[in-house]
Amino acid sequence: MEDKKTEVSPWRRAYGVTEFAQLYFPGHTPVVAYKRMWEWIRTSRGLKAKLEAAGWVKFQKLYTPKQVVVLVEHLGEP
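Note that the structure is predicted; figures quoted are calculated from it, not measured.

Visitor: Sorry, what's going on with the nonpolar core here?
Guide: Within soluble globular proteins, side chains that are nonpolar generally end up buried alongside one another. Counting residues in each nonpolar core, the largest one holds 20 residues, and the members touching the most others are Phe 20, Met 37, Ile 41, Leu 51, Tyr 63, Val 68 and Leu 71. Counting only elements with at least two residues in this core, the list comes to helix H1 (17-24), helix H2 (30-43), helix H3 (47-53) and helix H4 (65-75). Not counting residues up to four positions away in its chain, the partners in contact with Tyr 63 are Arg 13, Ala 14, Tyr 15, Val 17, Phe 20, Met 37, Ile 41, Trp 56, Val 68 and Leu 71.

Visitor: What is the right way to look at the side chain of Gln 67 in this model?
Guide: Inspection of the secondary structure puts Gln 67 in helix H4. Within the local environment of Gln 67, its side chain forms a polar contact with the backbone nitrogen of Thr 64, the two atoms lying 3.0 Å apart.

Visitor: What is the right way to look at the environment of His 28 in this model?
Guide: Along the chain, the position of His 28 falls in the loop between H1 and H2. Accessibility expressed as a relative area gives 32% for His 28, which makes it partly exposed. Every residue in contact with His 28, bar those within four places of it in the chain, is listed here: Gln 22, Ala 33 and Arg 36.

Visitor: Hey, could you run me through the packing of aromatic side chains in this one?
Guide: Two measures describe an aromatic ring pair: the distance that separates the ring centres and the angle between the ring planes. Across all of its chains, the model carries eight aromatic pairs by this definition. When the centroid spacing of 4.9 Å and the interplanar angle of 55° are considered together, the rings of Phe 25 and Trp 40 count as tilted. You can see Phe 25 sitting in the loop between H1 and H2 and its partner Trp 40 sitting in helix H2, a full 15 residues away along the chain. Take Phe 25: its relative accessible area is 9%, and that puts it in the buried class. Taken together, the ring pairs in this structure connect Trp 11, Tyr 15, Phe 20, Tyr 24, Phe 25, Trp 40 and Tyr 63 into an aromatic cluster. A cation sits over an aromatic face here: Arg 13 above Tyr 15, 3.8 Å from the ring centre.

Procedures and definitions
- Residue numbering note: each chain is counted from 1, following its sequence as written.
- Restriction of local features to residues with pLDDT of at least 70 applies here, the model being predicted, together with a cutoff of 80 or more for giving and counting side-chain atom pairs; totals for whole chains, interfaces and linings are based on all residues.
- Side-chain metrics rest on all non-hydrogen atoms present in the structure, leaving aside hydrogens and water.
- Only buried residues count toward a nonpolar core. Its members are Ala, Val, Leu, Ile, Met, Phe, Trp, Tyr and Cys residues joined through side-chain atoms within 4.5 Å.
- In this scheme, a residue with accessible area under 20% of its type's maximum is buried, one over 50% is exposed, and one in between is partly exposed, where area comes from a 1.4 Å probe on protein chains only.
- Strands are runs of DSSP state E lasting at least 2 residues, helices are runs of H or I lasting at least 4, and numbering of each runs from the N terminus.
- In what follows, a contact means two residues having at least one pair of non-hydrogen atoms within 4.5 Å.
- Pairing of N or O atoms within 3.5 Å defines a polar contact, subject to two protein rules: one partner must be a possible hydrogen donor and the other a possible acceptor, and residues neighboring in sequence count only if both atoms are side-chain atoms.
- Any Phe, Tyr or Trp ring, taking Trp's six-membered ring, that has another such ring centre within 6.5 Å forms a pair; planes under 30 degrees apart are called stacked, those over 60 apart edge-to-face, and the others tilted.
- Lysine NZ or arginine CZ positioned within 6 Å of the ring centre and within 35 degrees of the ring normal marks a charge as sitting over the ring.

Treat this as a map of the structure, not an account of what it does.
Have a look at this one:
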């Protein structure tokens, strides 16, 4: 019988907001990465509403797995 490995998406876990921002802006300081991610959330059409529907609130410290999926689906993989 063949062993079937279950592929687990790396986007199915909680991330600190700065940790996640640094995935998209790896060459920047944590503060700059955070600010740029926040800029994307504010200016990317429909993203903020999708995040709010997933339970996101401004200034939270962690993105839930559901919110991470919303971000990756909207922005693409880092």
